[in-house]
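Descriptive structure summary
The chain contents come next:
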Amino acid sequence: MESLCNRTAEAVIVADESGQVQFVNAAAMQLFGRSEANFFEETLNFSLNEASSTELEILRDGERRYAEMRVVPVEWRGLPALMATI
């Protein structure tokens, strides 16, 4: 699954049930202007809740962007998690 998430053009973020980021792909790092380490060290400024879709406001370099986010439950490395595609 990780290989597939790395190949998609959509931003992908996977977090465990406590909200700790477990994975981000290159598209997510580019969209948010953050390094992989920043995603793991810092908390997200939005929550990952199961919903059909949610509009997400992204602030980057003083510029506002809007994107659609979908969150689904998945199993990541054998544990329950939430995967957001943006």
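Every value quoted in this text rests on a predicted model; they were computed, and no experiment measured them.

Below, the discussion takes up the environment of Val24. Note on placement: Val24 falls in strand 2 (residues 21-24). Judged by its relative accessible area of 2%, Val24 falls in the buried class. Here the alpha-carbon distance between Val24 and Leu82, two residues 58 residues apart in the chain, equals 12 Å. For Val24, the residues in contact, after removing those within four places along its chain, are Val12, Ile13, Met29, Glu36 and Phe39.

This part takes up the pairing of strand 4 (residues 63-76). Note on strand geometry: in a regular strand, side chains alternate between the two faces of the sheet. Judged from the eight bridges that link them, strand 3 (residues 51-60) and strand 4 form a sheet pairing that is antiparallel. Note that in strand 4 the partner of Ile58 across the bridge is Arg65. Adjacent in sequence and paired antiparallel, strand 3 and strand 4 are bridged by two residues, among which Asp61 carries a positive phi angle near 55°. When strand 4 meets strand 5 (residues 79-85), the two strands line up antiparallel, connected through seven bridges. Within the sheet, the bridge partner assigned to Val71 lies in strand 5 and is Ala84. Turn length for the strand 4-strand 5 hairpin, with the two strands adjacent in sequence and antiparallel, is two residues, and the turn residue Arg77 shows positive phi of about 55°.

What counts, and at which threshold
Residues numbered from 1 in each chain as written. Predicted model: local features only at pLDDT ≥ 70, side-chain atom pairs only at ≥ 80, totals over all residues. Heavy atoms only, no water. Helix = DSSP H or I, 4+ residues; strand = E, 2+ residues; numbered from the N terminus. Buried < 20%, exposed > 50% of the residue type's maximum accessible area, 1.4 Å probe, protein only. Contact = heavy atoms within 4.5 Å. Pairing = 2+ DSSP bridges.

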